[in-house]
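So you can see what is in the structure, the chains are spelled out below.
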Amino acid sequence: MSSHEPTAASTGELPAYRYTAELAQEIESRWQKHWEAEGTYHAANPVGELADAQQAAKPKKLVVDMFPYPSGKGLHVGHPLGYIGTDVYARYHRMLGYNVLHTLGYDSFGLPAEQHAINTGVHPRVNTEDNIANMRRQLARLGLGHDFRRSVSTTDEDFYKWTQWIFLEIFNSWYDTDLDKARPITELIAEFDAGTRQLADDRQWSSLTQAEKRTTVDSYRLAYLADSPVNWCPGLGTILANEEVTAEGRSDIGNYPVFKRNMKQWMLRITTYADRLLGDLEALDWPEAIKTMQRNWIGKSFGAQIRFGSDAGPLEVFTTRPDTLFGASFMVLSPEHERVAALTTQKQKAEIEAYITASKAKSDKDRADDTKEKTGVFTGSYATNPVNGEQIPIWIADYVLMGYGTGAIVAVPCGDERDFVFAQKYGLPIPAIQTPPTQWFTSQEAEPSEDATTWPKAFTDDAPYCNSKNDSVNLNGISQVAEAKKVINAWLEANGHGEATVSYRLRDWLFSRQRYWGEPFPIVYDAGGVAHGVPVDQLPVVLPALDDFKPTAMDPDDNVTEPIPPLARATDWLEVELDLGDGVQTYTREINVMPQWAGSCWYEMRYLDPTNNDAFVDPEIERYWMGPAEEGASGGVDLYVGGVEHAVLHLLYARFWHKVLFDLGHVSSFEPFHRLFNQGYIQAYAYRDDRGQPVDAQSVEERDGSFFYEDEQVTQEYGKMGKSLKNIVTPDDMYDDYGADTFRLYEMSMGPLDASRPWNNRDVIGMARFLQRLWRNIVDEQSGKAHVTDSAVDPKTAQMLHKTIASVTEEMTHLRFNTAIAKLIELNNVLTADVGVGKVPKEVAEPLLIMLAPLAPHIAEELWSKLGHTTSVTQQSFPVADESLLVDETITVVVQVNGKVRGKIDLPADVSEADAVAAVLELEAVSSRLEGNEPRKTIVRLPKIINIVV
RNA sequence: GCCCGGGUGGCGGAAUUGGCAGACGCGACGGAUUCAAAAUCCGUUGCCCUUCGGGGCGUGAGGGUUCAAGUCCCUCCCCGGGCACCA
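What you see is a predicted model, and the numbers here were worked out from it, not measured in a lab. (Residues numbered from 1 in each chain as written. Chains lettered and ligands numbered in written order. Predicted model: local features only at pLDDT ≥ 70, side-chain atom pairs only at ≥ 80, totals over all residues. Heavy atoms only, no water.)

**Student:** In this structure, what is going on with the overall build of chain A? I would like to understand it.
**Tutor:** Within chain A one finds 32 helices and 31 strands. When the backbone C-alpha atoms are referred to their principal axes, chain A occupies close to 100 × 90 × 70 Å. The 950 residues of chain A split such that 53% are buried. The long-range fraction of contacts in chain A, counting pairs at least 24 apart against all pairs at least 6 apart in sequence, stands at 71%. Total accessible area on chain A stands at roughly 41900 Å², and carbon and sulfur atoms take up 49% of it. Placing the 89 positive and 137 negative side-chain charges of chain A at their respective mean positions leaves the two points 2 Å apart. (Helix = DSSP H or I, 4+ residues; strand = E, 2+ residues; numbered from the N terminus. Buried < 20%, exposed > 50% of the residue type's maximum accessible area, 1.4 Å probe, protein only. Contact = heavy atoms within 4.5 Å. Areas by Shrake-Rupley, 256 points an atom, 1.4 Å probe, with all protein chains shown as cover. Lys, Arg positive; Asp, Glu negative; His and termini not counted. Charge placed at Lys NZ, Arg CZ, Asp CG, Glu CD.)

If you want it as structure tokens, here you go:
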């Protein structure tokens, strides 16, 4: 299909009022203007500027799309899939009588915008605003039922004022582990002052200096400065969060190398929420796959912290298998472990130092590559195993990471595969402390043996323990890992050797970026370098104008040069006179900016109350839209739709911020997104010529199963839509060729919303034909006037209508728009074939249009008005099926003989089982197979089936 | 390696609790309309055999449970995604 083909209107040979692309476009732009002028899709708040008490008295539905980054490339047909899905859902619920809030904002800060701006030399704001305008234009033509008054961009000063405000709330909070919630830092100070809370160490609060008090308080804050190893990406000129680094040790964006180095950075204490982030997943209606990914990322593991004696003092290790402690044969420290130097003997010194130097030189990628053989060096010292007093050698090895657990492990080679391989390589002992079952040896094709050195690998399952006793604890005879853990943990605690603990994989969130295009921190430093929050009445801290906003240009492989954030060059802005309580002083501003994720941590709440100047959201308005439906419920967005790529990053960060706001009493919901739905992706076919070059996919023709481009045969492949594959189809192409309604219908009919599917231009025509047939059933193509009848609906059609209503309702509720569309087509096909064009009763046409309205709002609105209505079809009540019409008078029972279908029989709906069987036995298809014998068995499942076993 | 999804006509995909496999759409074929084509409309279309009554086979492969399996159980193959020295 191309836009050059003659159409009805252009040739003039077709009826004047045929539903063509031109007519569709005219109808669509007319109604879009009308809806906009009427505020048809405005959602009402209970209070405030957007209040409407009558509307807000209805039940509410908050529907949110993951908001897009406004890309300069424009949209292709894959992008709106989710937006159409939520639009249909929102419109459907509006017709069910809900006060529906649906809009779309823009995540316009961040690296992609800035990279693009750097490449083109255009200021990020100019570029970003152009992109947003273009996206709004493309999306406006879709006819989305959004409340445009509520659309926000994270780069709006009005918006990022509140992002900064929330950061200050986090900065000014600490986590009270007793109450298990965040509290204002002022309350912590008050408790210290009152003496109701003691310091974690032995010092007395009252005897601390002002500076010491401040350092102590800072160590409690949920936002804190840390000089710690970070992911430094010179190619992007910034550091990155763990979540933004790929498994290959490269940047998520741009694929540049990432290096570990120490830098002073803002961190957010997300780890204090690890347990709640994990546990509260239970309260969420999310795809199980996403929950699993979050659980894995949080990585909670139960074990024990155990102290081993050594010449350099006690060494703490974390292990998930304290039950295997009797099998420990060596200990491994991370090369960065603070005790390494003290433990290294003179003899081993050279080797240890060489190893440390070598591992520092290794990139994270090399260190994390588990296909490489593990290496390590003996320190020369020994540790004492608390369970049996045994002296075990202490090694260092770079497979032990400083950032997890304690940076030290106890190695039990018979029960851990890595330890096993390491022990084999370096000839360390492998004592057995469990007797694996014979089947285990058989499945490994090995001889059963109690000598673990002969085992093919480590054994990690349940099995009876052996060689595991001392004078006061005995694991021998226990055969369950869980039970042995309990016993040994109790012993460790009782004897002061350690305690049962929990460890998490989740790290604190590294929150600063050395870039320009992000929210400035509302933080200033005094002459002593102490961080202070900017007073709330001075927010927002506006991003200063810069001529040169680029980060220091970096060689992607240069991991030495110190980065200088662009804001350091904003000399006028950098220093500020403030009175923070002890007189006007000069302060220096923080020059890092927040990461892209900041704005998306709370944007859905700004939709609720976009004009509020006193709060990020009015608590009453938040409670109305997001408050928990009942005691114990999470609250949050009713339906949140977006791609699965945000499974960890955005969704984890947003949950964290929301929980802080909840703890501080700013919101009533403890989760931001109650129901999450991942839409699939649209992919497309691409074609290459014999040189392997992609050719314009839209010009490829199919003949007899082969594909041709300008009469040359080309090969088909399947992949992402993109410039490089020359297979982009844009929404604009669809508007031109068919109109928005056909496009919407096609996207929704392709398959279930959560499945990825191939785009096929060729298939779109099917939905255009459906709308054309529907149009013709209601409108005379010559006159353009409605030609429905006032006659009564015949019983058969009435039943068809009500069955359609019942199933469309069901499908819509479960976001199964593809099957909802199929049902509507079926009904329309019946009207075309059985009732006849021009004879469709109004009584059928009207509910049909109402049901179509969420999916194809423009044509539904046009036909609705042609039927003489003056109110919008989008504000009609969704039809309700008449239960009495759903019941058939006769049932069609499938007749099986030996489980195979041999015929059907129509019987009265109230037929008895005996009569039904009798009737079935009369059937030729059955009697001929019985050959005069009695059936061995009859299974009767009215109204579905009767099975005769011969 | 581990953890999730998934495999149904030529294609996209339908199929409550196990109960007519292939809804709906595309394509293909045949017909109507047309000078002709496009567009539109009608019909046929899982595969194989058929004496045109019908018969056999069929949901990745193999096995099982059941009167009955796309659906439940076991083993395996393939595809997609996530995680991956986490102690």
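Once you've had a look at it, read on.
**Student:** I keep staring at the sheet that holds strand S5 (residues 223-233) and nothing clicks. Help me out?
**Tutor:** Paired through backbone hydrogen bonds, the strands of a sheet run either parallel or antiparallel to each other. Strand order in the open sheet made by the four strands is S6-S5-S7-S15, with antiparallel pairing throughout. Bordering the open sheet on either side are strand S6 (238-240) and strand S15 (509-510), each of which pairs with just one other strand. One ladder, built from two bridges, connects strand S7 (residues 259-268) with S15; its direction is antiparallel. Counted as the bridge partner of Met-267 is Leu-510 from S15. (Pairing = 2+ DSSP bridges.)

**Student:** Can you walk me through the side chain of Asn-828 in this structure?
**Tutor:** Its location among the elements puts Asn-828 in helix H27 (residues 817-835). The exposure class assigned to Asn-828 is buried, which follows from its relative accessible area of 0%. Once you skip the residues sitting within four places of it in the chain, Asn-828 turns out to touch Phe-770, Arg-773, Leu-774, Asn-777 and Leu-848.

**Student:** Sorry, what's going on with the nonpolar core here?
**Tutor:** A general feature of soluble globular proteins is that nonpolar side chains tend to end up buried together. Membership of the largest hydrophobic core comes to 91 residues, with the highest contact counts inside it found for Phe-167, Trp-266, Trp-509, Phe-511, Phe-616 and Trp-657. In terms of nonpolar packing, the next biggest core, distinct from the first, is built from 84 residues, Ala-24, Trp-775, Ile-821 and Met-851 among them. (Core = buried A, V, L, I, M, F, W, Y, C linked by side-chain atoms within 4.5 Å.)

**Student:** I keep staring at the pattern of salt bridges and nothing clicks. Help me out?
**Tutor:** Note on pairing: side chains with opposite charge can pair once their charged atoms come close. Enumeration according to the criterion identifies 37 salt bridges in this entry. A salt bridge links Lys-659 to Asp-280; its shortest N-O distance comes to 2.4 Å. Here Lys-659 is found in helix H22 (residues 649-663), whereas its partner Asp-280 is found in the loop between helix H10 (274-279) and helix H11 (288-298), with 379 residues between them in sequence. By relative accessible area, Lys-659 is classed as buried at 0%. Judged by relative accessible area, which is 18%, Asp-280 ranks as buried. Two residues, Asp-834 and Lys-796, come together in a salt bridge whose shortest N-O distance is 3.9 Å. Note that Asp-834 is positioned in helix H27 and Lys-796 in helix H26 (residues 795-813), a separation of 38 residues in sequence. Residue Asp-834 is classed as exposed on the basis of its relative accessible area of 53%. If you follow the salt bridges from partner to partner, you end up with Asp-176, Asp-178, Arg-183, Glu-187, Glu-191 and Arg-197 in one network. (Salt bridge = Lys/Arg side-chain N within 4 Å of Asp/Glu carboxyl O.)

**Student:** Teacher, can you tell me more about a nonpolar patch on the surface here?
**Tutor:** On the surface, Met-293, Val-644 and Tyr-681 cluster together into a nonpolar patch covering about 230 Å² of accessible area. With respect to the secondary-structure elements, Met-293 resides in helix H11. (Patch = residues over 30% accessible without salt bridge, like charges linked within 9 Å, V, L, I, M, F, W, Y side chains within 5 Å.)

**Student:** For this particular structure, what's the right way to read the packing of helix H28 (residues 842-852) against helix H29 (residues 857-866)?
**Tutor:** How two helices pack is summed up by the angle between their axes together with the distance between the axes. At a minimum axis distance of 8 Å, the contact between H28 and H29 shows a crossing angle of 155 degrees. Between H28 and H29, the angle falls in the class roughly antiparallel. As H28 packs across H29, the resulting crossing turns out to be left-handed. Here Glu-846, Leu-849, Ile-850 and Leu-852 of H28 lie close against H29, whose contacting residues are Ile-859, Ala-860, Leu-863 and Trp-864. Across the contact of H28 with H29, the residue classes break down as seven nonpolar, no polar and one charged. (Axes fitted to C-alpha atoms, helices over the stretch in contact; angles between N-to-C directions. Parallel < 35°, antiparallel > 145°, perpendicular 65-115°, else oblique. Left-handed = near helix turned anticlockwise from the far one by under 90°. Nonpolar A, V, L, I, M, F, W, Y, C, P; charged D, E, K, R; others polar.)

**Student:** Which parts of the structure should I look at to understand helix H21 (residues 619-626)?
**Tutor:** Helical geometry: 3.6 residues make up each α-helical turn, so side chains three or four residues apart lie on a common side. When we look at burial in H21, the residues that qualify are Ile-621, Glu-622, Tyr-624, Trp-625 and Met-626. With its buried residues spanning 160 degrees around the axis, H21 presents them on a single face. At its buried positions, H21 is contacted by helix H3 (53-56), strand S1 (60-65), strand S2 (99-103), helix H20 (603-608) and H22. (Arc of directions from axis to C-beta.)

**Student:** Can you walk me through the packing of aromatic side chains in this structure?
**Tutor:** Scanning all chains against the criterion turns up 42 aromatic pairs. An angle of 25 degrees between the planes, with centres 6.3 Å apart, marks the rings of Tyr-516 and Trp-517 as stacked. Like Trp-517, Tyr-516 is buried. With a centroid separation of 6.0 Å and 65 degrees between ring planes, the pair formed by Phe-662 and Phe-670 is classed as edge-to-face. Relative accessible area serves as the criterion here: at 29%, Phe-662 is assigned to the partly exposed category. Among the aromatic residues, those joined into a cluster by ring pairs are Phe-167, Phe-171, Tyr-175, Trp-266, Tyr-273, Trp-509, Phe-511, Phe-521, Trp-597, Tyr-653, Phe-656 and Trp-657. Sitting over the face of the ring of Tyr-224, Arg-269 holds its NZ or CZ atom 4.1 Å from the ring centroid. Over the ring of Trp-297 we find Arg-505; its NZ or CZ atom is 4.4 Å from the centre of that ring. (Phe/Tyr/Trp six-rings, centres within 6.5 Å; stacked < 30°, edge-to-face > 60°. Lys NZ or Arg CZ within 6 Å of the ring centre and 35° of its normal.)

By themselves these figures say nothing about function.
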